[in-house]
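# Tertiary structure, described
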Amino acid sequence: MTTLTQAATDSATMLRRNLRHALRYPSLTLAGMMVPILILLLFVGVFGNALGAGVGGAAKGDYINYVAPGIILMAIASGCMATSVAICTDMTEGIVDRFRTMAISRSSLLTGHVVGSMIQTLISTAGVIAVAVAMGFRTRGGVLDWLAAIGLMLLLTFALTWVAVALGLLAKNPEGASNSPMVIQFLPFLGSTIVPPESMPAGVRWFAEYQPFTPIIETVRGLLLTTPDGRDVMLSLAWCSGLALGGYVYSKVLFNRKAPR
């Protein structure tokens, strides 16, 4: 068996392990879906008319088209962050020491967590999209637009999952791992999800315009509703690629430092 084949086989084994854990403890997956759904219900069902009037004079039915893309990305951020707790639990409860005594690929543990988290996150995101559609979310994008939006969401999911792995490896215990990703989970909320950045106070507007989620939200919104801005597309790809590369490299460094062979 070649090294690559063994790594793929071991990663598949770790993936099955993580998916079984997810089925046994579904609360983290449900939490990643329920928080964005509650925010969607609150800001569309309760504040939709008032906020819609401030976003180009849109009615509630039109406001959901504005807000839904950002909340869908919030579901991705919330779902990925559960990986921090899972990876920190493995690192602190001794299972990694046991794996070290076995003839398995060293990278398979992280790979299994990443792929498993992506599957769970995409399921949660699909649930949020279904609720948004049930509440009146309608798009004007064609098949190619949807494929491009899904591709960007997959890239964002991959990037944030590696960031979550790094945060989990940095945390000293699962409790700390559950708190550290909170800022990332609500970054979409502080971007252009609820209202346009130009309607915000100066300092908040500056942060909203230059944080990573705003161009990603605008790109997804453009693909599904109108036409995406080329600058937002390039910024989105750059942010996702940078976060993925940085999270991957830092995770490997931390994992090798904490679990040397």
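Please refer to the structure higher up on the page.
Anyway, here's the lowdown on the structure attached to this text. (Residues numbered from 1 in each chain as written. Predicted model: local features only at pLDDT ≥ 70, side-chain atom pairs only at ≥ 80, totals over all residues. Heavy atoms only, no water.)

So, on to the environment of Glu198. Checked against the element boundaries, Glu198 lands in the loop between helix H9 (182-185) and helix H10 (202-210). On the accessibility criterion, Glu198 (53% relative accessible area) is exposed. Between the C-alpha atom of Glu198 and that of Glu209, which follows or precedes it by 11 residues, the distance is 8.6 Å. (Helix = DSSP H or I, 4+ residues; strand = E, 2+ residues; numbered from the N terminus. Buried < 20%, exposed > 50% of the residue type's maximum accessible area, 1.4 Å probe, protein only.)

Attention shifts here to the pattern of salt bridges. Scanning the model with the defined rule gives two salt bridges in all. Note that Glu209 is salt-bridged to Arg205, the shortest N-O span being 3.0 Å. On the criterion of helical spacing, the pair formed by Glu209 and Arg205 is a turn pair, its members being four residues apart in helix H10. Given the relative accessible area of 34%, Glu209 is considered partly exposed. Between Glu218 and Arg221 there is a salt bridge whose closest N-O contact spans 2.8 Å. Placement of the pair is Glu218 and Arg221 together in helix H11 (residues 213-225), with a separation of three residues, close to one helical turn. Take Arg221: its relative accessible area is 6%, and that puts it in the buried class. (Salt bridge = Lys/Arg side-chain N within 4 Å of Asp/Glu carboxyl O.)

What follows concerns the packing of aromatic side chains. Per the counting criterion, the structure on display carries five aromatic pairs. Summarising the aromatic geometry, the rings of Trp162 and Tyr248 are spaced 5.0 Å apart at their centres and angled 90° between planes, so their arrangement reads as edge-to-face. In this pair, Trp162 sits in helix H7 (residues 143-170) while Tyr248 sits in helix H12 (residues 230-258), placing the two residues 86 residues apart along the sequence. With a relative accessible area of 6%, Trp162 lands in the buried category. What makes Tyr248 partly exposed here is its relative accessible area of 38%. (Phe/Tyr/Trp six-rings, centres within 6.5 Å; stacked < 30°, edge-to-face > 60°.)

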